[in-house]
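As a plain string of letters, each chain reads:
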2 protein chains.
Amino acid sequence: MSDKITIALDAMGGDNAPAEICKGAHEACEKYDDIEIILTGDTERIQSCLTPHDRIHIENATEIIDPDEHPANAIRKKKDSSLRVAMEMVRRGDAQGCISAGSTGAIVAGGVLVVGRIEGIDRPALGIPVPSIEKPSFMLDVGATVRCKPENLLQFALMGSVYSRKIMGVESPEVKLLSNGTEEIKGDDTVLAARDLIEAKGNLNFGGYVEGNDVVFGKCDVIVCDGFNGNIALKLAEGIMQGLKSLLTDEVKGSLSAKAGLLLLSPVVKKLWARFNYEKYGGTPLLGVKGAVLKAHGRSKSPAIVSAISAARKFIAEDGTSQINREI
Amino acid sequence: MSDKITIALDAMGGDNAPAEICKGAHEACEKYDDIEIILTGDTERIQSCLTPHDRIHIENATEIIDPDEHPANAIRKKKDSSLRVAMEMVRRGDAQGCISAGSTGAIVAGGVLVVGRIEGIDRPALGIPVPSIEKPSFMLDVGATVRCKPENLLQFALMGSVYSRKIMGVESPEVKLLSNGTEEIKGDDTVLAARDLIEAKGNLNFGGYVEGNDVVFGKCDVIVCDGFNGNIALKLAEGIMQGLKSLLTDEVKGSLSAKAGLLLLSPVVKKLWARFNYEKYGGTPLLGVKGAVLKAHGRSKSPAIVSAISAARKFIAEDGTSQINREI
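The paragraphs below set out a description of the structure included in this document.

So, how was this worked out
Residues numbered from 1 in each chain as written. Chains lettered and ligands numbered in written order. Predicted model: local features only at pLDDT ≥ 70, side-chain atom pairs only at ≥ 80, totals over all residues. Heavy atoms only, no water. Pairing = 2+ DSSP bridges. Helix = DSSP H or I, 4+ residues; strand = E, 2+ residues; numbered from the N terminus. Axes fitted to C-alpha atoms, helices over the stretch in contact; angles between N-to-C directions. Contact = heavy atoms within 4.5 Å. Buried area = accessible area lost by both parts, 1.4 Å probe. Salt bridge = Lys/Arg side-chain N within 4 Å of Asp/Glu carboxyl O. Polar contact = N/O pair within 3.5 Å; in protein donor to acceptor, adjacent residues only side chain to side chain. Nonpolar A, V, L, I, M, F, W, Y, C, P; charged D, E, K, R; others polar. Least-squares fit on C-alpha atoms with pLDDT ≥ 70 in both. Expected span 1.5 Å × (residues − 1). Buried < 20%, exposed > 50% of the residue type's maximum accessible area, 1.4 Å probe, protein only. Arc of directions from axis to C-beta. Parallel < 35°, antiparallel > 145°, perpendicular 65-115°, else oblique. Left-handed = near helix turned anticlockwise from the far one by under 90°. Patch = residues over 30% accessible without salt bridge, like charges linked within 9 Å, V, L, I, M, F, W, Y side chains within 5 Å. Areas by Shrake-Rupley, 256 points an atom, 1.4 Å probe, with all protein chains shown as cover. Lys, Arg positive; Asp, Glu negative; His and termini not counted. Charge placed at Lys NZ, Arg CZ, Asp CG, Glu CD.

## Regarding the sheet that holds strand β10 (residues 283–287) of chain B
Strand pairing in a sheet relies on backbone hydrogen bonds, with the paired strands running either antiparallel or parallel.
All names here are of chain B.
Reasoning step 1: Spatial ordering of the open sheet is given by β3-β2-β1-β4-β11-β10-β5-β6-β9-β7-β8, a layout of eleven strands whose pairing is mixed. Either end of the sheet is taken by a strand with one partner, and the two such strands are β3 (56–60) and β8 (205–211). Adjacent strand axes in the sheet meet at a mean angle of 30°, parallel and antiparallel pairs treated alike.
Reasoning step 2: Bridge count between strand β5 (residues 125–130) and β10: two bridges; the pairing is antiparallel. Each residue of the ladder has a partner; that of L126, found in β10, is L286.

Shown next as structure tokens:
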């Protein structure tokens, strides 16, 4: 491995692979001179759309994991898939991190089965910085562990707190559990039991429950939830923003004055959109595995790939894995 | 009971009680001449803010249920609370329906313990018509039954289908389960088991899973989920709309051209807001109990009370309870 930060990038995963993945890799290498990228996948297809760069290499992989495949089976059987090959590089230490815009399930399965869990972490979690009004909150899990035991939520709280402190620079991050109300009597059995575990552990700045409407207002630094709830919440937020955008475009069409209004208002609308575009988060780290494993949005175009690479680069530079390892 | 539709209205529940509740009652009686309203609560306080109306009566109640109280205990102990008195009227048949903007938990507990469950329904569900782009979907449960068994979700699917057909006028409503993806391998254990139950039952127009981002696009007529998920999703949607509104207001302040733009665009913005204001749904019916029991939003002002009364009136006129009873 070179002295650069080396990132394996699954060139075949996602709706816009391999073209936008290759484009993103090139743009990232132009932006950061301390990174090296290894694109995994069909060499010919990659070469056909890649602008060559001396810090971009190709590792051939003949198979592709389909979003509809059973994640764990696919990872086990498709040993020469672009995703598995990228993850094997992390396992062997040939890369410090890997990124894929492919199947979330397969990335999680590969994280556990190929890269391996950090000791003391039973299940991994996908975390994202949630756009919000006051300050971004770090929310986890948004889709790695569909249904959680209270112990999993405790571990997510610990990992989220480390991430918020070390990567997002929050001094003493306040951690809250996502629930159906803020009163102590709220919560389902798992959330209630997780609350007791976190309070008993006593080493977190724990603030109790946060409810859905406060997520947007940045009422805490770390929001802990299971992967089922987190996935639905994140996608709902995405859907609302997409819906508003398409409705606004439609409504304005018929009216000259509305068109003029939108033009005058466009700097503000662009600012809001940039801030609340839930698709723009780039790379979501899979926390709890022995390496920087990041999931990029399935619809990622090159800017999203660049921002996933940027997130992986930061995670590796700050040594996120060791930080979590130390705290657990 | 008169030949009018008689609705008991908890005058003491919610953030703006009793003034806005009384105002809403009066406005509704002006709007609909086939209704009669019985306000339950502190007679003196009600009289001090009520504009008298010959179809509005007062039933005195000396106690108030606090949002922080344990719902079932409060309903059991506070026999003379405004909420319990309203529900007793439904139980006795002195009113066909009741509405409260008070504690959701207490309304659900009262629905079960005072009004009583429909035979064949194990747990009730709160349902709302979700604002969406294509057509409104009816979503349940949004907070009555925090954690559900597969059988509960099946019953919600049946009740939601009846409501969509009989109250919302959809001919053959397509029912979907809210999940973390549309593929068959998605879903947690409960959702998976519910899917099997619904398919085995075979009498519903069942479309599989709907994911978070499609909720907004009206991809089905009935969305079934547990009360924990539904509550978080609904509140998140509310929070996003509130957040965007307050950010837009803030951002526009500093710029004259943006102000002018917003003014020109205001008809469109108002239209979008009216359509996507998740707080505006008025009354959410508690399905599965023997009577029209509706929860109004805690922050309800008089227009929201009028729309809750309008929803209760429609539910009673269409005989929603018997419709569900017949299908179960």
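## Let's talk about the sheet that holds strand β8 (residues 205–210) of chain A
Residue and element names in this part refer to chain A.
Reasoning step 1: Taken in spatial order, the eleven strands make up an open sheet running β3-β2-β1-β4-β11-β10-β5-β6-β9-β7-β8, and their pairing is mixed. Looking along the sheet, the strands with just one partner apiece sit at the ends: β3 (56–60) and β8. Across this sheet, the average inter-strand angle for adjacent strands is 25°, counted without regard to direction.
Reasoning step 2: Running over the sheet, helix α11 (residues 302–317) touches β1 (5–10), β2 (35–41), β4 (97–100), β10 (283–287) and β11 (292–296) and is turned about 140° from β1.

## A short note on the interface of chain B and chain A
Reasoning step 1: Listed as interface residues are 56 residues of chain B and, on the opposing side, 58 residues of chain A.
Reasoning step 2: Summed over both sides, the interface of chain B with chain A buries roughly 5,000 Å², with 72% coming from carbon and sulfur.
Reasoning step 3: Here chain B is connected to chain A by four salt bridges.
Reasoning step 4: Where A:E211 meets B:K235, a salt bridge forms, and the shortest distance between an N and an O atom there is 2.5 Å.
Reasoning step 5: The interface formed by chain B and chain A holds eight residue pairs in polar contact (both at pLDDT 80 or more) in total.
Reasoning step 6: For the side of chain B that touches chain A, the secondary-structure elements that each account for two or more residues are β7 (174–179), α8 (212–215), α9 (227–253) and α10 (256–276) of chain B.
Reasoning step 7: Sorting elements by how many residues they give to the side of chain B that touches chain A places α9(B) first, with 20 residues.
Reasoning step 8: Split by residue class, the side of chain B that touches chain A holds 29 nonpolar, 15 polar and twelve charged.

## Overview of the relation of the copies chain B and chain A
Both copies of the chain are related by a screw-like operation: a rotation about an axis and a shift along it.
Reasoning step 1: Turning chain B through 180° and shifting it by 0.0 Å along the axis lays it on chain A, with an RMSD of 0.1 Å. Within this description, the copies of the chain are treated as partners about a two-fold rotation axis. Proximity to the rotation axis, assessed at the C-alpha, singles out B:G261 in chain B; its C-alpha lies 1.9 Å from the axis.
Reasoning step 2: When the interface residues of chain B are mapped onto chain A, 100% of them again lie at the interface, so the same face is used by both copies.

## Digging into helix α7 (residues 189–201) of chain A
Reasoning step 1: Taking 1.5 Å of rise per residue, 13 residues should cover 18 Å, and α7(A) covers 18 Å from first to last C-alpha, within 8% of that figure.
Reasoning step 2: The complete set of buried residues in α7(A) reads A:V191, A:A194, A:R195 and A:I198. Along the long axis of α7(A), the arc covered by the buried residues comes to 105°, so they all point the same way. With respect to the buried face of α7(A), the exposed residues turned more than 90 degrees away are A:D189 and A:A200.
Reasoning step 3: Turning to α7(A), the residues buried within the fold contact α6 (150–166), β7 (174–178) and β8 of chain A together with α9 of chain B.
Reasoning step 4: Just downstream of α7(A) lies A:G202, where phi reads positive at about 75°.

## Structural notes on the packing of helix α10 (residues 256–276) of chain A against α10(B)
Reasoning step 1: Two elements in contact, α10(A) and α10(B), have axes whose closest approach is 7 Å; the angle formed by their N-to-C orientations is 135°. With respect to each other, α10(A) and α10(B) are oriented oblique. In this structure, α10(A) meets α10(B) at a crossing whose hand is left-handed. Facing A:S257, A:A258, A:A260, A:G261, A:L262, A:L264, A:L265 and A:V268 of α10(A), the residues of α10(B) in contact are B:S257, B:A258, B:A260, B:G261, B:L262, B:L264, B:L265 and B:V268.
Reasoning step 2: Of the residues that constitute the contact of α10(A) with α10(B), the class distribution is twelve nonpolar, four polar and no charged.

## Focus on the pattern of salt bridges
Pairs can form between side chains of opposite charge once their charged atoms are near each other.
Reasoning step 1: Overall, the coordinates contain 32 salt bridges over all chains when judged by the stated rule.
Reasoning step 2: Here A:E69 ties to A:K78 by a salt bridge, and the two come within 2.8 Å at their closest N and O atoms.
Reasoning step 3: The exposure class assigned to A:E69 is partly exposed, which follows from its relative accessible area of 23%.
Reasoning step 4: Between B:K135 and B:D221 there is a salt bridge, with the nearest N and O atoms lying 3.2 Å from each other. Here B:K135 is found in the loop between β5 and β6 (137–140), whereas its partner B:D221 is found in the loop between α8 and β9 (222–224), with 86 residues between them in sequence.
Reasoning step 5: B:D221 gets classed as buried once you look at its relative accessible area, which sits at 7%.
Reasoning step 6: Salt bridges linked by common partners bring A:R84, A:E88 and A:R91 together as one network.

## Focus on the pairing of β10(B)
Residues and elements named next belong to chain B.
Reasoning step 1: Taking burial as the measure, the five residues of β10 include five buried ones, the bulk of the element.
Reasoning step 2: Side chains G283, P285 and L287 project from β10 onto one buried face, and the interleaved T284 and L286 project onto a second face that is buried too.
Reasoning step 3: Pairing of β10 with strand β11 (residues 292–296) involves three bridges; the strand directions are antiparallel. Bridging from a neighbouring strand, P285 pairs with L294 of β11.
Reasoning step 4: In sequence, β10 turns back onto β11 through a hairpin of four residues, with G288 there showing a positive phi of about 105°.

## Some remarks on a positive patch on the surface
Residue and element names in this part refer to chain A.
Reasoning step 1: Judged by side-chain charge, R117, R123, K149 and K290 come together as a positively charged surface patch.
Reasoning step 2: Among the structural elements, K149 can be located in the loop between β6 (137–140) and α6.
Reasoning step 3: What makes K149 exposed here is its relative accessible area of 56%.

## Topic: helix α11 (residues 302–317) of chain B
Reasoning step 1: With 16 residues, α11(B) ought to run about 22 Å at 1.5 Å a step, and its terminal C-alpha atoms sit 22 Å apart, in line with that.
Reasoning step 2: Within the sequence span of α11(B), burial applies to B:S302, B:A304, B:I305, B:V306, B:A308, B:I309, B:A311, B:A312, B:F315 and B:I316.

## Here we look at the packing of α9(B) against α10(B)
Helices that pack against each other are described as a pair by the angle of their axes relative to one another and the distance between those axes.
Residues and elements named next belong to chain B.
Reasoning step 1: Where α9 contacts α10, the axes come no closer than 12 Å and their chain directions differ by 170°. Between α9 and α10, the interaxial angle falls into the category roughly antiparallel. Between α9, through M241, Q242, K245, L248, V252 and K253, and α10, the contact on the second element is made entirely by A258, K259, L262, W273 and F276.
Reasoning step 2: Its residues assigned to classes, the contact of α9 with α10 shows seven nonpolar, one polar and three charged.

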